[in-house]
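Spelled out from the first residue to the last, the chains are:
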Amino acid sequence: MATPEMMSEIDQIKTFKDFLVQYNKLSELCFNDCIHDFTSRTLKSTEDKCTVNCMEKYLRMNQRVSQRFHEFQMLANENMLALAQKSGNPS
């Protein structure tokens, strides 16, 4: 049987794994979109700007989706509570 400490550690590992998946997705997406010149070990200024813009757009989009999801969840919870109160179930 898993103890609360073990569950917390498992949750932390899952959270970190999810973070790494998102980070790798972002890296691959921006790399494929922005890096085109493989003749040099350094980034061109256009590639650098492109990767920064790509990252910022992705993070803003992710933040906005999270915000909308949170708003949707709040509305759904309010609707469920109202429905439960209407039907006479206080829980």
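Residues numbered from 1 in each chain as written. Predicted model: local features only at pLDDT ≥ 70, side-chain atom pairs only at ≥ 80, totals over all residues. Heavy atoms only, no water.

- In the nomenclature of an unreviewed UniProt entry, the chain is known as Mitochondrial import inner membrane translocase subunit of Bombyx mandarina.
- Quoted verbatim from the Subunit (unreviewed entry) field of UniProt, the annotation for the chain is "Heterohexamer."
- Regarding the chain, the relevant UniProt record gives this comment under Sequence similarities (unreviewed entry): "Belongs to the small Tim family." (UniProt positions renumbered as here; feature names shortened; annotations may be inferred.)

1. A word on the overall build of the chain
Thought 1: The number of helices and strands found in the chain is two helices and zero strands.
Thought 2: For 91 residues, the compact-globule estimate of 2.2 N^0.38 gives 12 Å, and the chain exceeds it by more than 25% at 22 Å.
Thought 3: In terms of overall dimensions, the chain has a C-alpha envelope of 70 × 35 × 15 Å along the principal axes.
Thought 4: Here the chain holds 91 residues, and 10% of them are scored as buried.
Thought 5: Here the chain has roughly 8,300 Å² of accessible surface; of this, 61% comes from carbon and sulfur atoms.
Thought 6: The centroid of the 11 positive side-chain charges in the chain is displaced by 7 Å from the centroid of its 12 negative side-chain charges. (Helix = DSSP H or I, 4+ residues; strand = E, 2+ residues; numbered from the N terminus. Rg over C-alpha atoms; globule rule 2.2 N^0.38 Å. Buried < 20%, exposed > 50% of the residue type's maximum accessible area, 1.4 Å probe, protein only. Areas by Shrake-Rupley, 256 points an atom, 1.4 Å probe, with all protein chains shown as cover. Lys, Arg positive; Asp, Glu negative; His and termini not counted. Charge placed at Lys NZ, Arg CZ, Asp CG, Glu CD.)

2. Section: the pattern of salt bridges
Side-chain pairs of opposite charge can arise where the charged atoms are in close proximity.
Thought 1: Under the criterion given, the structure shown has three salt bridges.
Thought 2: Between Asp37 and Lys44 there is a salt bridge whose closest N-O contact spans 3.3 Å.
Thought 3: A salt bridge links Glu71 to Arg68; its shortest N-O distance comes to 2.8 Å. Of this pair, Glu71 and Arg68 both sit in helix α2 (residues 45-86), three residues apart, which is roughly one turn of that helix.
Thought 4: Looking at Glu71, the relative accessible area reads 36%, which means it is partly exposed.
Thought 5: Owing to a relative accessible area of 37%, Arg68 belongs among the partly exposed residues under this scheme. (Salt bridge = Lys/Arg side-chain N within 4 Å of Asp/Glu carboxyl O.)

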